[in-house]
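The chain contents come next:
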Amino acid sequence: MSSPLDKQVATGNSSLLSISFFNDALVEAICLWIDFLMMMFLLLVLANAMQAACHFEPLRMELFHLLALCFSVGIVGGNSTSAPGDVNLGALFNFGSTIGRAAKLAVELAVEDVNSDPRVLAGTRLNLLAQDTKCSGFLGTVQSLQLLEKNVVAIIGPQSSGIAHVVSHVAHELHVPLISFAATDPSLASLEHSYFVRTTQSDYFQMNAIADLVASFGWRVVTAIFVDDDFGRGGINALDDALMKKHIAICSKAAVPPNAETSAINDVLMKVMLMESRIYVVHVNPDSGLKIFSVAKSLGMMAAGYAWIASDWLATVLDSSHPPNADTMELIQGAIALRQHVPDSNLKRAFTARWNNLAQSRNMTSGLNTYALYAYDSVRLAANAIDQLISEGQTFEFSGDPRLKDSNESPLHLSALKYFSGGEKLLEKLLETNFTGLTGLFEFDSNGNLIHPAFDILNIGGTGFRRIGFWSNESGLSVVPPEVLHQKPENASNSTQELYTVIWPGETSTKPRGWVFPINGKPLRIAVPYRTSFKDFVSKDTGPDNAKGYCIDVFKAAVSLLPYPVPYTFVLFGNGSENPSYDDMVEQVSENHFDAAVGDISIVTNRTRFVDFTQPYLESGLVIVASVTRRSSNAWAFLEPFTIKMWCVTGAAFLLVGLVVWILEHRLNNEFRGPPKEQLRTIFWFSFSIMFFAHRESAKSTLTRFVLIVWMFVVLIINSSYTANLTSLLTVQQFSPNIKGLESLISRSDPIGFQVGSFVMDYLIEDLRIDESRLVPLDGPNEYANALDLGPQKGGVAAIVDELPYVELFLSENCRYMTAGPEFTRSGWGFAFPRDSPLAVDLSTALLTLSEKGDLQRIHDKWLTVSECSADDSQFDSNQMRLASFWGLFLICGLTCLVSIVIFFLRVLQQYMKYGGKVGDERSESGGGSIQCTSSFKGLISFVDKKEEDVKKGKKKERPSDKQ
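A quick note: this is a predicted structure, and the numbers were derived from the prediction, not measured. (Residues numbered from 1 in each chain as written. Predicted model: local features only at pLDDT ≥ 70, side-chain atom pairs only at ≥ 80, totals over all residues. Heavy atoms only, no water.)

**Considerations on helix α15 (residues 423–432)**
So, step 1. Listed as buried for α15 are G423, L426, L427, K429 and L430. Down the axis of α15, the buried set is contained in an arc of 165°. They therefore lie on one face.
So, step 2. As for α15, its buried residues are in contact with β3 (154–156), β4 (178–180), β5 (196–198), α14 (370–391) and β12 (418–420). (Buried < 20%, exposed > 50% of the residue type's maximum accessible area, 1.4 Å probe, protein only. Helix = DSSP H or I, 4+ residues; strand = E, 2+ residues; numbered from the N terminus. Arc of directions from axis to C-beta. Contact = heavy atoms within 4.5 Å.)

Quick look at the structure:
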């Protein structure tokens, strides 16, 4: 019993809590008054009509009395029908549990507030009939039947998901809604439980929050620890679905029996500790959850390297224990816990102050948790819906179900269970009602879930906990409160996807790696292809490893770099008579017949759908190997070192240089003068003789020497290149492939060889659309050589398609074959592991370390010999010298000639302008000739043709006359 002071405080606070219902009640009252007036008018008309027809005065008076009575009822009661004096509301939960202790007081306060609020259920009293389930599913089921015997219109509860599964079927048949503030099993939202109304957040949303949290830290596997009942199994199933969407796996599901003793929990955690995952998600009941952390602490599982994520049960325990117990806090240091998010508001602050006052006056040991807030709002929700039914004139009638009959042999009084006629209408009102309660906006979506599901993310540390962020269904992880993000047009902004720093177990801020090799785990069974060819890559060995080769050494070197020991054993895959199918081997890994596959396994698309690969440790790609024929020599082989264009440009350059030299030497050198035919022969002879020996004509002009220096350098380069290339053409074997590349391979109809067991066959058929009848399986280098030597006409193949590492090894011993065209796929070799295996990630890091240190190359050099016959077909391209290789030399030579000619003509023009008009004709002794220059072009040409010596003599003879 509460004191008068408590009732006064409750009444004062109830007015604040129920102000949100006032407007709805006022509108309903106005509508009812209008209905009463219309009814009065109709009755009056009916009375007058009866009086006129029958002239029966007493009947008219009785009708008027009836109208007055209805009017008085409408004024006093505000309804066309009399409201029930009281309505029974059931409550079903465990009074002594962590959730129940707080919920019991919250429900009682809510009923008290409803009965003291004149705006809700005016004239009707809400009677609370509560039953204690005492943590027993059986007793809870029996007591729920006892409640249903008492004509309750709805039940607040049950608290247990297991009891809710059973009672919901009875509630469905009797049309009595169950309003549960604590049954969070997601499967209760199915249509099978149509009369179940959840007034708290479903574990579906909580498990999605945990999945986002795990994904944000980059973990790939977790271990789930849960209580083995409907609540635990339903939550973990939802977690499994949420993690699968993030490509995260639950490697182990550890079920703890309900109300388990410490020894049972110890056995479960001992098995968990032997697993590889160090990320634990704990979903248990608040009353027994701390036992798990106590055992984990004693087993050393709360140290650095571990991560613990608890669902909202842990926050409920901490909120209910105020202040938190020091021993309890010592057990859970570094753990992460979720708590249902309740926005701060005036209603919540007022109720919290009221709760604290009551707790102090009653010496209560339980603090206020979120489930108590939802329990309070659940009662207000029921009262609101009942009030709407009463306002609409709905009667609360209970009738017997003819299917429920008492048996003479059974003491069960099944006939006492009554069918609630207004249950379906009440259920509709419950789902349609919305108001602002202690937990914020209380409204349901189309699926029957409360809108805006959100959770606080707490990090336990020291003597309390701190909030490191939030999660909401709309925005995901964020440090911004969800109610703030709801006001923004785009809630899921990348800038809000963050959390504050976490202090993990062991008082470290370093994020746990999340995975280690299992303690006392069985050695990994690693599949190794039992190859019959190309055994340098991987082959059977008589030693303890049972396998050897390049791939085996790379794997062992990578494992040695891991920060934890990994025991393993190699298992040969194949019969040893032919190379095994690598697709089958990878499939065996995906089906967990093997823990991994190591070997020359190509990383191709169809395999990555089933397994995870490490970082490639060897680059690969498909190439074409074809037979080649020796190119025969011919009479014109000496022309092959240069292309036609190169020959033409070189000849033109010789003529150009000869012409330039003739121009520069014509006025100075008598050897470059004479008849035209003689001068033309001189031009050709002088130009080409430079290539073979010194020319007999001496250069007198400085410009000529400058040109010849550059030209002789060009000639030296051309001569050397021609000699080297001609020697190569005549002494080195030159090959010409029959297949030029991928296009010619596809267009032809010749047979194509491929290596047995590789993915090449599927690639050629599915990707290149090559008919399967053209494909010939081959099993190693010997069959490669035989098939290529025979050729397509004699039952062999025209070409072989295989991966580059095999081709390089094949060509290292067979120089009469070559690759045609470049690689037409890009891939690599890696080690295969089951999906989401953390070992694949760690080995990828180790392989990168091997590559950076150069160890991969050293292992390669140990096993794979350097090819004497290059797999690159560039050596088989035309060796002719092209103009592109010499255009720079020709450009320099041309510029040199141009500059020399320009300087020469500028000098001649200068002489002509200065001396050409003053020098008269000089008659020779024999012909009496003279030097005569005119200003005409013909005179200029004549001047240029004169020797430099004659010009200088003419200038000397003219100087005495000039002085006179």
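From this point on, the discussion continues.
**Focus: the environment of V502**
So, step 1. Within the fold, V502 resides in the loop between α16 (482–485) and β18 (524–529).
So, step 2. The class of V502 is buried, set by a relative accessible area of 5%.
So, step 3. Put simply, V502 and I468 are 34 residues apart on the chain and 7.3 Å apart in space, counted from C-alpha to C-alpha.
So, step 4. With residues near it in sequence (within four places) discarded, V502 still touches F217, I336, N459, R466, I468, T508 and S509.

**Some details on the sheet that holds strand β8 (residues 279–283)**
So, step 1. The sheet built from eight strands is open, its strands ordered β7-β6-β8-β9-β10-β15-β16-β17 with mixed pairing. At either margin of the open sheet sits one strand with a lone partner, and together these are β7 (249–256) and β17 (476–478). The average angle at which neighbouring strand axes cross in this sheet is 25°, direction not considered.
So, step 2. Pairing geometry for strand β6 (residues 221–227) and β7, over seven bridges, is parallel. Within the sheet, the bridge partner assigned to V221 lies in β7 and is A249.
So, step 3. Packing of helix α11 (residues 313–320) onto the sheet brings it into contact with β8, β9 (307–310), β10 (336–340), β15 (454–461) and β16 (464–472), and relative to β10 it is tilted by some 80°. (Pairing = 2+ DSSP bridges. Axes fitted to C-alpha atoms, helices over the stretch in contact; angles between N-to-C directions.)

**Structural notes on the pairing of strand β27 (residues 752–755)**
So, step 1. Side chains I752 and F754 of β27 all project onto a buried face; the interleaved residues G753 and Q755 project onto the opposite face, where all are buried too.
So, step 2. Of the strand pairs in this sheet, β27 and strand β28 (residues 775–778) are connected by four bridges, and their pairing is parallel. Bridge assignment links I752 to a residue of β28, and that residue is L775.
So, step 3. The parallel pair β27 and β28, bridged by helix α24 (residues 760–767), forms a crossover whose chirality is right-handed.
So, step 4. Looking at chain direction, β27 and strand β29 (residues 799–803) are connected through two bridges and run parallel. If you follow G753 over to β29, its bridge partner there is I800. (Right-handed = clockwise from strand over helix to strand, strands pointing away.)

**Observations concerning the nonpolar core**
So, step 1. Grouped together as the largest cluster of nonpolar side chains are 73 residues, with contacts concentrated most on L126, I156, F181, W355, I386 and L426.
So, step 2. Here this core gets 14 residues from one element, more than from any other, and that element is α14.
So, step 3. Listed in part, the 67 residues of the second largest apolar core include L562, F613, L788 and F831. (Core = buried A, V, L, I, M, F, W, Y, C linked by side-chain atoms within 4.5 Å.)

**Some details on the packing of aromatic side chains**
The geometry of an aromatic ring pair comes down to the distance between the two centres and the angle between the two planes.
So, step 1. For the structure shown, the criterion picks out 33 aromatic pairs.
So, step 2. For the ring pair F534 and Y806, a centre distance of 5.0 Å and an interplane angle of 45° mean the geometry is tilted. Within this pair, whereas F534 is found in the loop between β18 and β19 (539–540), its partner Y806 is found in helix α26 (residues 804–811), the two being separated by 272 residues in sequence. The residues F534 and Y806 share a single accessibility class, namely buried.
So, step 3. Counting every residue linked through ring pairs, the aromatic cluster contains F534, F537, Y784, Y806, F810, Y817 and W829.
So, step 4. Sitting above the plane of the F95 ring, K104 keeps its charged end 5.6 Å from the centroid. (Phe/Tyr/Trp six-rings, centres within 6.5 Å; stacked < 30°, edge-to-face > 60°. Lys NZ or Arg CZ within 6 Å of the ring centre and 35° of its normal.)

**Quick word on the packing of helix α4 (residues 98–116) against α14**
So, step 1. Here α4 crosses α14 at 30°, and the two axes come no closer than 8 Å. As for how α4 packs across α14, the hand of that crossing is right-handed. In this structure, α4 contributes I99, A102, A103, A106, V107, L109, A110, V111, D113 and V114 to the contact, and α14 contributes Y371, A372, A375, Y376, V379, R380 and A383.
So, step 2. Here the residues of the contact of α4 with α14 are counted per class, giving 15 nonpolar, no polar and two charged. (Left-handed = near helix turned anticlockwise from the far one by under 90°. Nonpolar A, V, L, I, M, F, W, Y, C, P; charged D, E, K, R; others polar.)

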